[in-house]
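In case you want the letters, here they are:
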Amino acid sequence: MPIPPILIAFWLIGLLSLLLLGSSGWLIWEWYDNWVRDLPANPRFLIGGLVLLTLGFLGRPLVLPFLGRKLRAGEEDPRPLTGGTIERLTRPDGTVLHIEAHGPGDAPVLLFTHGWGLSSAEWFYAKQHLGDRYRLLLWDLPGLGQSREAQRHDRDLRHFAGDLNAVLDLAGDRPVLLCGHSIGGMITLTFCRLFPERLSQQVKGIVLIHTTYTNPVNTAPGARFLRPLQRFILSPMCSFTLVLSPLMRVTNFLCELNGSAHILNHFMQFGRQETSGQLRFFTSLGQRANPAVVARGMQAMMDYDALDILPQINVPTLIIAASGDKATLPAASDLMATTIPQAKQVTLAPAGHLGLIEHHEEWARAVSEFAEACLKRG
């Protein structure tokens, strides 16, 4: 989910959360210090400190009622996946991948790669809407969810594409559609470059969801201003996050408690069409990701480019864009749709970078229709 420009926003709310607690501590201490010395103790200091302390640790219940819509009839909020067949796949470099399979064992396969900072739990609605007709292969990217990354960290998307190729082997000889969200789409395009022989033979189509063909800094809102900042601000911030990962874990926890992370995701990741349960679930999922792992993935994204491979993709491609995506502008999807030979585009609106969640029924319908067409053609 996070991309390099959004890292700035997460750093800011983390620092503000620490400032909130520091201010509350200072106010309470000032009141206490005057009280024990028999000096005039201003009760406003105590009240103000307690209010800030409460907001710092219990702000989320105050914030959430004003964010997200209510559930519609028959709709469910996401929750952890259950009931699947689990496999642990050890890679040559020591990475251990966690893979779950859901749905009929003899059905065509939809292989899903989640967005950065999340996990395979992202695909709750895929299981709900598609799990009765297709075999769903869901895997956690290295270092996220229940997958373990290698001790020697590889900051290249080619490494992830190799992992995707290994997961694809678990499909056997059944036809497969590759579906990737955000960095999952970037990994899918990198896979197309490295393993072109698997396209059309086994991979019958690909689905690119809210993703880009190049360094996401170049296709984010305000790219003209962000590009000059990459070298001097964005890249160093990723390095600082690696070093200060324990502190970032603390600030992430505080941001979830005080509700600032929910506010940020409501405006930056969603299109303000999500339910409060969806906002709560995906904020919690993202805030629990290892900050060091997230930072390394961001560095890998800034070295990514797949523009030259787009005209060579020889399988049907569904591109799903979001009208109000603040992580990847819809223009990135437009370019891919006009460059990939057999591409079809669907735009969710109004929607943000997690449009596949807030408009899960429309998203699943588009994927289902595309899968049926690809597999019938295949």
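First, a word on scope: everything that follows refers to the structure included in this document. (Residues numbered from 1 in each chain as written. Predicted model: local features only at pLDDT ≥ 70, side-chain atom pairs only at ≥ 80, totals over all residues. Heavy atoms only, no water.)

1. Considering the overall build of the protein chain
Point 1. Scanning the protein chain from terminus to terminus reveals 14 helices and eight strands.
Point 2. Across the 378 residues of the protein chain, 56% fall into the buried class.
Point 3. A sequence separation of at least 24 residues applies to 80% of the contacts in the protein chain between residues at least 6 apart.
Point 4. For the protein chain, the accessible surface area stands at approximately 16100 Å², while carbon and sulfur atoms represent 59% of it.
Point 5. Side chains of the protein chain give 33 positive and 32 negative charges; the mean places of these two sets differ by 2 Å. (Helix = DSSP H or I, 4+ residues; strand = E, 2+ residues; numbered from the N terminus. Buried < 20%, exposed > 50% of the residue type's maximum accessible area, 1.4 Å probe, protein only. Contact = heavy atoms within 4.5 Å. Areas by Shrake-Rupley, 256 points an atom, 1.4 Å probe, with all protein chains shown as cover. Lys, Arg positive; Asp, Glu negative; His and termini not counted. Charge placed at Lys NZ, Arg CZ, Asp CG, Glu CD.)

2. Observations concerning the sheet that holds strand S6 (residues 203-209)
Think of a sheet as strands paired side by side through backbone hydrogen bonds, with each pair either parallel or antiparallel.
Point 1. Pairing is mixed across the open sheet formed by eight strands, whose spatial order is S1-S2-S4-S3-S5-S6-S7-S8. If you trace the sheet from one side to the other, it starts and ends with strand S1 (85-90) and strand S8 (343-348), each paired once. Strand-to-strand twist in this sheet, taken as the mean axis angle between neighbours without regard to direction, amounts to 20°.
Point 2. Contacts from helix H6 (residues 183-194) reach strand S3 (109-113), strand S5 (176-181) and S6 within the one sheet, and its direction differs from that of S5 by about 135°.
Point 3. Relative to strand S7 (residues 317-322), helix H12 (residues 330-339) is tilted by about 160°, and along the sheet it contacts S6, S7 and S8. (Pairing = 2+ DSSP bridges. Axes fitted to C-alpha atoms, helices over the stretch in contact; angles between N-to-C directions.)

3. Regarding the side chain of glutamate 100
Point 1. Examined against the element boundaries, glutamate 100 turns out to sit in strand S2 (residues 96-102).
Point 2. For glutamate 100, which is buried and forms no salt bridge, the nearest opposite charge comes from lysine 127, at a distance of 7.0 Å.
Point 3. A distance of 3.1 Å separates polar atoms of two side chains, one belonging to glutamate 100 and the other to histidine 98.
Point 4. Of note is the side chain of glutamate 100, whose polar atom sits 3.0 Å from the side chain of histidine 102.
Point 5. Beyond its immediate stretch of four places on either side in the chain, glutamate 100 contacts Leu81, Thr85, Ile86, Ser120, Leu136, Leu137, Leu138 and Gln146. (Salt bridge = Lys/Arg side-chain N within 4 Å of Asp/Glu carboxyl O. Polar contact = N/O pair within 3.5 Å; in protein donor to acceptor, adjacent residues only side chain to side chain.)

4. Structural notes on a nonpolar patch on the surface
Point 1. Taken together, Leu15, Leu18, Phe240, Val243, Leu244, Leu247 and Val250 make up a surface patch of nonpolar side chains, about 610 Å² in accessible area.
Point 2. Listed by contribution, the elements that provide at least two residues to the nonpolar patch are helix H1 (4-36), helix H7 (223-243) and helix H8 (245-258).
Point 3. By relative accessible area, valine 250 is classed as partly exposed at 43%. (Patch = residues over 30% accessible without salt bridge, like charges linked within 9 Å, V, L, I, M, F, W, Y side chains within 5 Å.)

5. Describing unusual backbone geometry
Point 1. Backbone torsion omega between alanine 349 and proline 350 reads -15°, so that peptide bond is classified as cis.
Point 2. With respect to the helices and strands, proline 350 occurs in the loop between S8 and helix H13 (355-358).
Point 3. Look at serine 182: it is not a glycine, yet its phi comes out positive at around 60°.

6. So, helix H2 (residues 43-58)
Point 1. In this model H2 runs 22 Å from its N-terminal to its C-terminal C-alpha over 16 residues, within 8% of the 22 Å that 1.5 Å per residue would give.
Point 2. A side-chain oxygen of the first residue of H2 lies 2.9 Å from the backbone nitrogen of arginine 44; this N-cap is asparagine 42. (Expected span 1.5 Å × (residues − 1).)

7. Focus: the pattern of salt bridges
Point 1. Enumeration over the complete set of coordinates arrives at 13 salt bridges.
Point 2. Through salt bridges with shared partners, a single network forms among Arg60, Glu256 and Arg288.

Spatial relationships are all this shows, so hold off on functional conclusions.
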